[in-house]
Structures are given as C-alpha cells and as structure tokens.
Amino acid sequence: MDLSLDLLGNALVSGVLLGGFYAAVTIGVSISFGMLDIVNIAHPAFVILGSYTAYIANSAFGFDPILSSIVLLPAFYLLGVAIYHVYDVSFERRGDASIRGLAFFFGILFITEVILVLVFGVDYRLVDAPYVGPSLHIGVIDLPLRLLVPCLVSLTLIGVLQLYMSHTVIGRAVQAVAQDPMALRLMAADPSRIKRIAFGLSIASASIAGAILIIIQPVEPSIARDYIGRIFAICVMGGLGSFGGTVVAAMILGIMESLTSTFYGPSWSPAVAFGFLLITLAVRPAGLFGRS
Amino acid sequence: MRNVRFILLALAVAAVTLAVARLIDNAYVFFAGYVVLQYIVLATAWNILGGYTGYVNFGTAAFFAVGAYTTVVLHKTVPLMPLPGMMLAGGVISGVIGLGMGYLTLRLRGTFFSIATLAMAVVAQTLITNWYFVGGSRGAYIIRPSDSPIFSGDYIQYLFAIMLLLSVISVSIARAIQHSRLGYGFSAIRDDELAAEASGVPTLRLKLIATALSGGLMGMAGAPLPYYVTYLDPASGFSLSYAVNTIAMPLIGGTATWLGPVIGAVLLGTLQQVATVTISSALSLLIVGLLLVSFVIAAPKGIVGWFKR
C-alpha cells in the first residue's frame, strides 16, 4: 500500500503541475472564445508555432526558450492583430461569423500544421535548458523542474493578464466587450479595436505557452490536435472567460489525466479530456463556475 | 416524379462513368476515381447537416472510421458477408453514433456541437487504438479478393462501382431533402433557429434526423475503405485530412444546394489526385487548406454562387 500511496501522491502533484501548464495553453482561448466569442480552434496551432520559434531560438542560437518566447511576444501579438483584422473584415462585419468563421479557423489550423510539416518534417523536436533534466525531492514526492518551471511561468502569465484586465482601461474595455458590445459602442468606444487588441493578446500568450510546451514534451506539428479538446474542455468547464475558473479547471483535468495515465496507461489519457468535455457539454454547458 | 427522373438520370451518368472507366482499362483510374467518389459521398453527407442546417461537423473522420472499422470487425467475425451488407452495418452504427452525439449536444449553441464533434473524433480514435481485436495501434490487415464478385474484372472495379452507386444514392437523398418539407425545416433552422422553433418547427427532431442521416452516409462511405487500402491503422483512418476535405469541398462548391458539394468534391478531389502524383501529398493538402480559407473569405456562396446572380 505504501508504494501505491507514493504513486498516488506523485500522480496528484504532477497532475497539478500539468494542469498549471494546461492553463497557459488555454488562457488564449479563454480570451478569444470565452470573452470575444471568436471560436479560434486554430489556437493550438499557434501554440505549436510558439514551440517551434522557441526551438529555433534554442537550437540555432542557444537562447533560453522561455526568455526567447517573451522576446517574441510582440511578433505573436501582431500576428493575432493581423488575423483578427482579416476575420473582422470577412466575417464579423458581414454578420456571418458562425459557419464560415469556424471553417476559416479550421483552415488556418490545417495550413499552419502542413507548413510546419513542410518546413520541419514530422520529427519530434526538443529544447535544451538547465531546468529540463533535474528534479526537486520533498519526502517521497518528486518535483521535476521540467514541469515545475512551466507551471510557475504559466501562473505568472495568467496573473499578469488578470491584473491587466482588471486594472487598465483597455483591459476593462475588453471585459466590457465580453459583456455587452452594443453598450460599449454607445459609450463611443470601438468594439472592433478593443477586440483586435484582445485577440492579439490571446495569440501572444501562445508564444509563452508554446515555449513551455516544448520544455514539457517533444513537439511535432500534429500534436496541436491533441490540445484542441483539452483546451476547449478546460475553457468550457472554467466558465468561458473566467481566468480563475480556467486555472482550477485546468488543474482538475491535469490531475485526472495524470491519474489515468499512472493507473491505466498513457494511451488512454487523450480520451479523458474529451470524455470530460462531452460530459461537461451534456450536463453543465455553463461550466463549473459559470453563471448559467 | 421529379425525384424518380433525377435518380434515373443520375444512374445513367453513373453507368456511363463506369463504362468509360472500363474502356480506359487502367487500374489507376479506378483507384483515383474511387477516392473522388468517396469524397462526393462524404461532402454530400456533410452538407446535409452543415450546409442545410448550419451545424458544422468536424468529426467526419470519426463517422468515416467507425464505418471502416465495422468492416474490419465483420471481416473477422462474418467473413462471408457481402460488402453491401457491411456498408449497411457501418452506416447504421455511424448513424446511431450521430444520433447520440446530436442528442447530447444539439440543444446547445452550434459552436459547442462543432467542438464536441472534434472531441468525439479523438475519443473514438483512442478507443480504437486501445482495442486489440481490430489491431490496436498496429493496425489491421485485410486481404482484398482478386476478382469482382458480380461482373468480370478486378476487385477495385467492384469497389469503384459500389462507391459510384453510393454517391448516386446520397446525392439523390440530398436533392430530395432540399426540395421537401424536411429541407425547408432545415433551412429555417439555419437561417434563424429561434424563429423556426417559435413557428412550430420541431428543431431538435429535425437536427437529429440530419445528424443521423449525415453520420450514416459517412459510415457507409468508410465501410469499403479496408478493402481499398488493405491495411488500416487508427492514424490513417482518423486522418484530419478527411475532415478538412469534407468541409472544404461543400464550402468551395457552395453549401446551399445538392450540386455544390458534388462540384467541390469532383474539382478538389481530382486536383488532389493530380497534385499528389505530380507534386507531393503534403503540398496537395496545403492547396486544400489555402483554397478553403480563400473561398470562405472571398466567395461565401462557393462556385455555385458565381452562376446564380
């Protein structure tokens, strides 16, 4: 029994750390889907793009993946602004955002993946950093730095975003857009501009999320798809757009996945997220913390 | 009456296609033609739900692969069963899955349905990957019989003929729906679901019919796949390119009518076959993605929309 208690403890701890990382991958969708109502299913592809930019910075120039991803934030922000501009002009202003908007992002997901395959091939890529190998040990619990550092980076990212959203004019405007775009327009603010900024932020978060993804696991272009279900499961369960809810939901999912792969084998863990999503959608679509 | 005439016409076109293909007498024509026909069925099936009612299904690969794996199971348990029987079984199982999916998620906003279909594809893939009876992640081998059972010729000719018949059936169904009460109900849901509900259109029931029908046809399209590829593993059966193609074809052809998916499938399917042979398969997928994005931005009504002004 001793052994399995150790196993349980370790599975719980790595689940929490994994969940912290999932929160970083999801936070972009919490902004774009949860607050702006833009179904950006291509978000995981941008996360993978972030992994590859961190990989290039690391393998070609020897930079730290996390620092390089922070340096690259403006580039990702501009990419997001550009994509939102196309989306806004082509779909939102025509009032035709649902089917074609979805197909648009699906196409972008696919194009990004194919381009990454054409450029980098389907080999798994890794990064090298001082915190990839070692672990901390507290009693019987192992804390691999490979998971601990991403979790801390992720929580910092979300904390900064939360501060930005609640304490700056633009951040509050984003929340206002989420609640009532029409009212915002009556206050003589331009919802389009606010949404462009917010969407830029959501894609920018993919840079950091991508960097910590490639620290946690080797990356190849098609793993983006594994994250679609996780991201939306977390986002919906977290109550669409609530940052705190996103973190809690991400940790619940991380713990469940970690327990599943510890006790049943890793080949079952993708089904956990998706099963979770299906159950959430069927039973409580407003999420655990959402106002129904 | 108009439907009967259309079906007869479609059968005549199909017969001519088969005759021409047999006249060319090149196995590659059948192999390439099969894929194009398969996409006609998939695109038409997708459009019954996606084009008519406006609910985007990203899970084509799941319905398709469920059909294919039904054949693998039947091939192992009842090897003497004829292929049309297997297709029917695959269609029924996929249809029931579509119904269950729809029942769980169709009461929500359309976006949630789309995300759930994406999720379902991964759940199904995980289940198949862990199911050793059908080969698990190593995949399953199926030995293709050498000769066609009904007319003289290679077995691929038989597969081609069956897929031809299935595309006639699905296009006829799609066309019949478009001009029926059911079709008007579907368009009412697409245009304004709340208003449709308020005017007494049984929206949930109609949506469930669309999902089951669309899923069933996709399953039937997938059922002959194991005989076509002779080796089926989860990664290829659940390939995302099925989902992308199936969405791209109707959107490029035009989603409002039965003709759009057919045009899209023939154009895009042929283009891909040519590009795969002459350039590379990754690049041909890139072309599909780029076409999809440029069409949804620049030509929202698809190719059919160019001619209807």
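Residues numbered from 1 in each chain as written. Chains lettered and ligands numbered in written order. Predicted model: local features only at pLDDT ≥ 70, side-chain atom pairs only at ≥ 80, totals over all residues. Heavy atoms only, no water.

## Some remarks on the overall build of chain A
Then, in step 1: A tally of helices and strands in chain A yields twelve helices and two strands.
Then, in step 2: Listed by position from the N terminus, the elements making up chain A come as α-α-α-α-α-β-β-α-α-α-α-α-α-α.
Then, in step 3: Taken along the three principal axes of its C-alpha coordinates, chain A extends 65 × 45 × 35 Å.
Then, in step 4: Across the 292 residues that make up chain A, the buried fraction comes to 55%. (Helix = DSSP H or I, 4+ residues; strand = E, 2+ residues; numbered from the N terminus. Buried < 20%, exposed > 50% of the residue type's maximum accessible area, 1.4 Å probe, protein only.)

## Considering the packing of aromatic side chains
Then, in step 1: Taken as a whole, this structure holds 29 aromatic pairs over all chains when the rule is applied.
Then, in step 2: Relative to Y227 of chain A, the ring of F21 of chain A has its centre 6.2 Å away and its plane inclined at 85 degrees; by these criteria the two rings are edge-to-face. Taken together, the residues F21 of chain A in helix α1 (residues 2-35) and Y227 of chain A in helix α10 (residues 224-237) connect sequence positions 206 residues apart.
Then, in step 3: Judged by its relative accessible area of 5%, Y227 of chain A is buried.
Then, in step 4: Ring centres of Y34 of chain B and Y228 of chain B lie 4.3 Å apart, and the angle between their planes is 15 degrees; on these two criteria the pair is classed as stacked. Of this pair, Y34 of chain B sits in helix α2 (residues 27-50) while Y228 of chain B is found in helix α10 (residues 225-229), placing the two residues 194 residues apart along the sequence.
Then, in step 5: Judged by its relative accessible area of 0%, Y34 of chain B falls in the buried class.
Then, in step 6: One aromatic cluster is present, built from ring pairs that chain together Y84, Y87, F91, F104, F105 and F199 of chain A.
Then, in step 7: Positioned over the ring face of Y227 of chain A is R230 of chain A, at 4.8 Å from the centre of the ring.
Then, in step 8: When the ring centre of F133 of chain B is taken as origin, the NZ or CZ atom of K76 of chain B, which lies over that ring, is 5.2 Å away. (Phe/Tyr/Trp six-rings, centres within 6.5 Å; stacked < 30°, edge-to-face > 60°. Lys NZ or Arg CZ within 6 Å of the ring centre and 35° of its normal.)

## A look at the pairing of strand β2 (residues 141-144) of chain A
Residues and elements named next belong to chain A.
Then, in step 1: Pairing analysis gives four bridges linking strand β1 (residues 135-138) to β2, with the strands arranged antiparallel. Bridge assignment links L136 to a residue of β2, and that residue is L143.
Then, in step 2: Once β1 ends, the chain turns through two residues before running back antiparallel as β2, passing G139 with a positive phi of about 60 degrees. (Pairing = 2+ DSSP bridges.)

## Quick word on the confidence of the model for chain A
Then, in step 1: In this model, chain A carries an average pLDDT of 84, and 95% of its residues clear a pLDDT of 70 or more.
Then, in step 2: Ranking the elements of chain A by mean pLDDT puts helix α12 (residues 269-283) of chain A last, at 75, and helix α2 (residues 43-61) of chain A first, at 91. (pLDDT = per-residue confidence, 0-100.)

## Looking at the interface of chain B and chain A
Then, in step 1: At the interface, 38 residues of chain B touch 38 residues of chain A.
Then, in step 2: Both sides together, the interface formed by chain B and chain A hides about 3600 Å², and carbon and sulfur atoms give 83% of it.
Then, in step 3: Its largest share of buried area at the contact with chain A, chain B owes to F112, I115 and L240 of chain B, together 16% of the area lost on that side.
Then, in step 4: Taken together, chain B and chain A are joined by zero salt bridges.
Then, in step 5: Inspection of the region where chain B meets chain A yields zero residue pairs in polar contact (both at pLDDT 80 or more).
Then, in step 6: Ranked by the residues each element gives to the side of chain B that touches chain A, the list is headed by helix α5 (residues 110-129) of chain B, at eleven residues.
Then, in step 7: Among the residues forming the side of chain B that touches chain A, the class breakdown is 27 nonpolar, ten polar and one charged. (Contact = heavy atoms within 4.5 Å. Buried area = accessible area lost by both parts, 1.4 Å probe. Salt bridge = Lys/Arg side-chain N within 4 Å of Asp/Glu carboxyl O. Polar contact = N/O pair within 3.5 Å; in protein donor to acceptor, adjacent residues only side chain to side chain. Nonpolar A, V, L, I, M, F, W, Y, C, P; charged D, E, K, R; others polar.)

## As for unusual backbone geometry
Then, in step 1: Phi at D37 of chain A is positive, roughly 65 degrees, even though this residue is not glycine.
Then, in step 2: Positive phi values are uncommon outside glycine, yet T230 of chain B reaches one of about 60 degrees.
Then, in step 3: Secondary-structure assignment places T230 of chain B in the loop between α10 and β2 (231-232).
Then, in step 4: In this structure T230 of chain B comes out as partly exposed when scored by relative accessible area, which is 26%.

## Here's the deal with the side chain of S202 of chain A
Then, in step 1: Within the secondary structure, S202 of chain A sits in helix α9 (residues 191-216).
Then, in step 2: Contacts of S202 of chain A, omitting those with residues within four sequence positions, involve G28, I31, S32 and H43 of chain A.

## Focus on the packing of α2 of chain B against helix α6 (residues 155-178) of chain B
All names here are of chain B.
Then, in step 1: α6 packs onto α2 with a crossing angle of 20 degrees between their chain directions and a minimal axis gap of 9 Å. The angle between the axes of α2 and α6 places the two elements in the roughly parallel class. Between α2 and α6 lies a crossing of left-handed hand.
Then, in step 2: The residue makeup of the contact of α2 with α6, split by class, is 17 nonpolar, six polar and no charged. (Axes fitted to C-alpha atoms, helices over the stretch in contact; angles between N-to-C directions. Parallel < 35°, antiparallel > 145°, perpendicular 65-115°, else oblique. Left-handed = near helix turned anticlockwise from the far one by under 90°.)

## Re the packing of helix α5 (residues 99-120) of chain A against helix α12 (residues 240-253) of chain B
Then, in step 1: At a closest axis distance of 11 Å, the pairing of α5 of chain A and α12 of chain B adopts a crossing angle of 135 degrees. Relative to α12 of chain B, α5 of chain A is oriented oblique. The handedness of the crossing between α5 of chain A and α12 of chain B is left-handed. Where α5 of chain A approaches α12 of chain B, its residues R100, A103, F106, F110 and E113 of chain A are matched on the opposing element by L240, S241, A243, V244, I247 and L251 of chain B.
Then, in step 2: For the contact of α5 of chain A with α12 of chain B, the class distribution of residues is eight nonpolar, one polar and two charged.

## What to know about helix α1 (residues 2-24) of chain B
All names here are of chain B.
Then, in step 1: With 23 residues, α1 extends 33 Å between its outermost C-alpha atoms, agreeing within 8% with the 33 Å of an ideal straight helix rising 1.5 Å per residue.
Then, in step 2: Buried residues of α1: F6, A10, A14, L18 and A21, and no others.
Then, in step 3: Those residues of α1 hidden inside the fold are in contact with α2 and α6.
Then, in step 4: Phi for D25, located one or two positions after α1, is positive at around 55 degrees. (Expected span 1.5 Å × (residues − 1).)

## Things to note about the pattern of salt bridges
Pairing between side chains of opposite charge can happen when the charged atoms of each approach one another.
Then, in step 1: A complete count under the given rule lists three salt bridges over all chains for this structure.
Then, in step 2: Where R230 of chain A meets E257 of chain A, a salt bridge forms, and the shortest distance between an N and an O atom there is 2.7 Å. Note that R230 of chain A is positioned in helix α10 and E257 of chain A in helix α11 (residues 243-263), a separation of 27 residues in sequence. The same class applies to R230 of chain A as to E257 of chain A, namely buried.
Then, in step 3: Linking E193 of chain B and K207 of chain B is a salt bridge whose minimum nitrogen-to-oxygen distance equals 2.6 Å. Residue E193 of chain B is located in helix α8 (residues 193-198), and its partner K207 of chain B is located in helix α9 (residues 203-222); the two are separated by 14 residues in the primary sequence.

## Some points on the side chain of S167 of chain B
Residues and elements named next belong to chain B.
Then, in step 1: For S167, the position within the fold is in helix α6.
Then, in step 2: Taking the relative accessible area as the measure of exposure, S167 reaches 6% and is therefore buried.
Then, in step 3: Engagement of the side chain of S167 in a polar contact is seen with the backbone oxygen of L164, the distance being 2.8 Å.
Then, in step 4: Here S167 is in contact with L37, I40 and V41, once residues within four sequence places are set aside.

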